[in-house]
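One-letter residues, chain by chain:
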Amino acid sequence: MSTAAVPARTGQVLADLLPSSRVRDAALVLGGAALTGLAAQLSVPVPGSPVPVTGQTFAALLVGTSLGAGRGLLALALYAVAGVAGVPWFAQGTSGVAPSFGYILGMILAATVVGALARRGADRSMLRMAGTMLVGEAIIYAIGVPYLALSTGMSATAAIAAGLTPFLIGDALKAALAMGALPTAWKFADKR
């Protein structure tokens, strides 16, 4: 038997490397929601925008890619439902429905899509991971910016200026972090 590294496991996400059980899945979903809530507290207000820069989008995409589509969807849905119900874990310790809630709705869909892409190996290389993060972030903005415009009465141009443009550099940095983190995690997993 060869001692060469085992190739990346296709059809799996990182969470699948843990022993399978319903308890594991429930813990991963709860943990994914909690991680997103914690990351949302890393928040910096953006002048002229009701939407702050947070770590929540990074966490949501990381949760989706590492847990897979189903668990990622459940984790972000739990995060959204609990936040609407009053858990103060949205950005800056808030809860309820605010003009930025569309981004949270976008994160639910984005976590599902990036989770499905990860199951197809999109989290195994830096280049594929970059594309996966871009897809996820595009989904978040595609839902968040129109929601921002509708909930505040902003024009489309104003919503883009307040809810998209100020975040592009930060999102590029978050994508770069993910580009390194997940492929590296797979390299370590494949050496076991």
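Fair warning: this is a prediction, and the values are worked out from it, not measured in the lab.

Asker: Is there a simple way to think about the overall build of the chain in this case?
Answerer: Counting its regular elements, the chain contains seven helices and two strands. Ordered by position from N to C terminus, the α and β elements of the chain give α-β-β-α-α-α-α-α-α. Here the C-alpha atoms of the chain give a radius of gyration of 17 Å, agreeing with the 16 Å that 2.2 N^0.38 yields for 192 residues. Judged by the C-alpha coordinates and their principal axes, the chain covers about 65 × 35 × 20 Å.

Asker: Before we go on, may I ask you to explain the pattern of salt bridges in this structure?
Answerer: Any two side chains of opposite charge can pair, so long as their charged atoms come close to each other. For the coordinates displayed, the defined rule picks out six salt bridges. Note that R71 is salt-bridged to D16, the shortest N-O span being 2.7 Å. Here R71 is found in helix α3 (residues 69-85), whereas its partner D16 is found in the segment before α1 (22-40), with 55 residues between them in sequence. For the pair R71 and D16, one class covers both residues: buried. Between K174 and D171 there is a salt bridge whose closest N-O contact spans 3.5 Å. One end of the pair is K174 and the other is D171, both in helix α7 (residues 168-191) and three residues apart, which spans about a single turn. Like K174, the residue D171 is buried in the burial classification.

Conventions and cut-offs
The written sequence of each chain sets the order in which its residues are numbered from 1. With pLDDT at 70 or above as the cut-off, local features in this predicted model cover only qualifying residues; side-chain atom pairs require 80 or more to be listed or tallied, and sums for whole chains, interfaces and linings still use all residues. Side-chain calculation: all heavy atoms of the structure are included, whereas hydrogens and water are not. Runs of H or I in DSSP of at least four residues are treated as helices and runs of E of at least two as strands, each being numbered from the N terminus. For this measure, only C-alpha atoms enter the radius of gyration; the expected value for a globule follows 2.2 Å times N^0.38, where N is the number of residues. The term salt bridge refers to a pairing of a side-chain nitrogen on Lys or Arg with a carboxyl oxygen on Asp or Glu at a separation within 4 Å. The cut-offs for exposure are 20% and 50% of the maximum accessible area for each residue type, with area from a 1.4 Å probe on protein chains only; residues under the lower value are buried, those over the upper are exposed, and the others partly exposed.

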